[in-house]
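Architecture and fold: a report
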Number of protein chains: 2
Amino acid sequence: MEFTEAKRQFIQTWGKLGTEWGINRTMAQVHAILLISSAPLSTEDIMEELSISRGNANMNIRDLLNWTLIYKELVPGDRKEYFVAEKDIWEVARRIIRERKKREVEPVLRILHQLKEIDGDTSSKEIQAFTSMMGQLDSFVGKMDKSVSLLINENENKLFSLLFKLLK
Amino acid sequence: MEFTEAKRQFIQTWGKLGTEWGINRTMAQVHAILLISSAPLSTEDIMEELSISRGNANMNIRDLLNWTLIYKELVPGDRKEYFVAEKDIWEVARRIIRERKKREVEPVLRILHQLKEIDGDTSSKEIQAFTSMMGQLDSFVGKMDKSVSLLINENENKLFSLLFKLLK
DNA sequence: TTAAACTTTCAATAATTACTGAAAATAAAA
DNA sequence: TTTTATTTTCAGTAATTATTGAAAGTTTAA
């Protein structure tokens, strides 16, 4: 396969994966471009590569900065801002997981916790079923949350040597 | 908190979590209703609970059946179909992970694998950066994929007693 | 068989989400 | 200063995704 085609296919694949997991396609594509770029890129470089508007490029670059998946890089003697991606994939995964946990999972956990305690006739089948499910979910999500935290705070080698020894 | 309010809030929360992770809000809400229901529900029950159309209810129930997150249940002497959710949360998680892995992760893995081998000048910085990133991603996604497979094929107690012993 | 009960499909439409482009804001250089 | 380069914002619009509702299809019972 030729480089240009491979690049196109990677950008497309990364974008598709993004949308499937609730991440804006363009944001994922900008990330893809920066992941494989050997040099810092400017907003204009990105606009051109993806054929998108300045506004769109700017917004998605901003989001990627907030997720700390990319960094600003200033080139001496140049007024433009350039961007580079965090290239260590473990670090990338760690940051994505940390962010999504904080934004999406923790609020759910807080709510589940509240929903376990409801008023009403405890002999009612409906209320029993509800309370039992809230208990299960709270416990499950809590455990997952904790495990994922532990996992992402370990480094690659430690994690996998242990995990494989354990579960193989 | 009162039961009706708690129920409303759970359905809403589950739907929101769904959309954030790329799952149709209504599908997640139908799932929520069935998760907390003590009795099998018909399409009409679901339509009424969520104020949605028959077509919408039917489509989302069908999808949930395909994910095997819910089952058909036939009530003797009744022509309608009723539905119940898989209530074991570990089993639910296992099925969701298995399905998403199959549908979304494995295709990406196949593509990354191909993209590692591209033609062209191997001394080019661009091509080196690309190839190196494809290698990292392929290895990372592959490892994650394998770990998750191992994890979801273990049962709750085994997994957690081991995991906590290991990583604490 | 025919009719009634129920389920599925899908074209039209609505709702949501993302994008554009130009104007406003900001920052650096002259 | 003033000018020029660059970034940000956001109202209007486009694209995507989800929903409706009625017609067609299917199944069961009379």
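Since the model is a prediction, treat every value here as computed from it, not as a measurement.

About the criteria used
- Per-chain numbering applies: the sequence of each chain, read as written, is numbered from 1 onward.
- Here the convention is simple: chains get letters from A, ligands get numbers from 1, in the order in which they are written.
- Confidence filtering applies because this is a predicted model: local features only for residues at pLDDT of at least 70, side-chain atom pairs given and counted only at 80 or more, and all residues used for totals across whole chains, interfaces and linings.
- Side-chain calculation: all heavy atoms of the structure are included, whereas hydrogens and water are not.
- Here the rule is simple: two strands pair whenever DSSP picks up at least two bridges between them.
- In DSSP terms, a helix is any run of H or I states spanning at least four residues, a strand is any run of E spanning at least two, and both are numbered starting from the N terminus.
- Contacts were defined at the residue level, with two residues in contact if any of their heavy atoms lie within 4.5 Å.
- Every angle, taken between N-to-C directions, lies between 0 and 180 degrees, and every axis is a line fitted to C-alpha atoms, over only the stretch in contact when it is a helix.
- Salt bridges are defined by distance alone: a side-chain nitrogen of Lys or Arg within 4 Å of a carboxyl oxygen of Asp or Glu.
- Accessible area is worked out with a 1.4 Å probe on protein chains only. A residue is then buried under 20% of its type maximum, exposed over 50%, and partly exposed in between.
- What gets called buried area is simply the loss in accessible area from a 1.4 Å probe that two parts show on being joined, summed for both.
- Per the annotation, domain bounds derive from an automatic or database assignment of domains.
- Superposition of the copies was done by least squares, using only C-alpha atoms of residues whose pLDDT is at least 70 in both.
- Neighbouring residues are identified by heavy atoms, a residue being near a molecule or strand if any of them is within 4 Å of it.
- Throughout this description, a polar contact denotes any pair of N or O atoms lying within 3.5 Å of each other; where both atoms belong to protein, one of them has to be capable of donating a hydrogen while the other can accept it, and for residues adjacent in sequence the pair is counted only when both atoms sit in side chains.
- Ten residue types, Ala, Val, Leu, Ile, Met, Phe, Trp, Tyr, Cys and Pro, are classed as nonpolar, four, Asp, Glu, Lys and Arg, as charged, and the remainder, Gly among them, as polar.

It is worth spelling out the sheet that holds strand E2 (residues 70-74) of chain B at this point. Residues and elements named next belong to chain B. Sheet architecture is open: three strands sit in the order E1-E3-E2, paired in antiparallel fashion. The open sheet is flanked by strand E1 (41-42) and E2, the only strands paired with a single partner. Here two bridges tie E1 to strand E3 (residues 81-85), and the two strands are oriented antiparallel to one another. By the bridge assignment, Leu-41 is partnered in E3 with Phe-83. Those strands touched by helix H4 (residues 54-66) are E2 and E3, and its axis lies near 110° from that of E2.

Next up on the list: the pairing of E2(B). Residues and elements named next belong to chain B. As judged from the five bridges shared by E2 and E3, these two strands associate in the antiparallel manner. Residue pairing for E3: Tyr-71 is matched across the bridge by Val-84. Hairpin connection of E2 to E3: six residues between the antiparallel strands, including Gly-77 at a positive phi of 80°.

A separate point is the pattern of salt bridges. One side chain can pair with another of opposite charge once the charged atoms of both are near each other. One pass over the full model with this rule turns up 28 salt bridges over all chains. Where Glu91(B) meets Arg94(B), a salt bridge forms, and the shortest distance between an N and an O atom there is 2.7 Å. Here Glu91(B) pairs with Arg94(B), and both are found in helix H5 (residues 89-115), just three residues apart, close to one helical turn. What makes Glu91(B) buried here is its relative accessible area of 17%. Residue class for Arg94(B) comes out buried when judged on its relative accessible area of 13%. Connected through salt bridges with shared partners, the residues Glu86(A), Glu91(A), Arg94(A) and Arg95(A) form a single ionic network.

This part takes up the interface of chain A and chain B. Across the contact, 56 residues belong to chain A and 56 residues belong to chain B. When chain A packs against chain B, the two sides together hide about 5700 Å² of surface, and 76% of this comes from carbon and sulfur. Applying the counting criterion to the chain A and chain B interface returns zero salt bridges. Listing elements by their share of the side of chain A that touches chain B, those giving two or more residues are helix H1 (3-20), helix H2 (25-36), helix H5 (89-115), helix H6 (125-153) and helix H7 (156-167) of chain A. Among the elements that take part in the side of chain A that touches chain B, H6(A) stands out by supplying 16 residues, more than any other.

The next subject is the domain arrangement of chain A. All names here are of chain A. Looking at chain A, the domain boundaries give domain 1 (3-85) and domain 2 (89-167). Between the C-alpha centres of domain 1 and domain 2 there is a distance of 31 Å. Taken together, the seven residues of domain 1 in the interface contact six residues of domain 2. Summed over both partners, the interface of domain 1 with domain 2 comes to about 730 Å²; 60% of that surface belongs to carbon and sulfur atoms. By the criterion of area lost to domain 2, the three top residues of domain 1 are Trp-67, Thr-68 and Leu-69, representing 59% of everything that side buries.

This next bit is on the relation of the copies chain A and chain B. These two copies of the chain differ by a rotation about an axis and a displacement along the same axis. The two copies are related by a screw operation: chain A maps onto chain B through 180° of rotation and 0.0 Å of translation along the axis, at an RMSD of 0.1 Å. In symmetry terms, the pair is related by a two-fold rotation axis. Taking the C-alpha atom as reference, chain A places Gly22(A) closest to the rotation axis, 2.1 Å from it.

Turning our attention to the protein's contact with DNA strand D. As a matter of local geometry, DNA strand D sits amid 16 residues, with Asn58(A), Arg62(A), Glu81(A), Thr26(B) and Ser53(B) nearest to it. Take the atoms of DNA strand D that sit within 4 Å of the protein: sugar and phosphate atoms are 61% of them. A distance of 2.5 Å is found between a phosphate oxygen of DNA strand D and a side-chain nitrogen or oxygen belonging to Arg62(A). A distance of 2.4 Å separates a phosphate oxygen of DNA strand D from a polar side-chain atom of Thr26(B). Of all elements in the fold, only helix H4 (54-66) of chain A together with H4 of chain B reach the threshold of two or more residues within the surface near DNA strand D. Per-element tally for the surface near DNA strand D: the top contributor is H4(A), with four residues. Of the residues that constitute the surface near DNA strand D, the class distribution is two nonpolar, eight polar and six charged.

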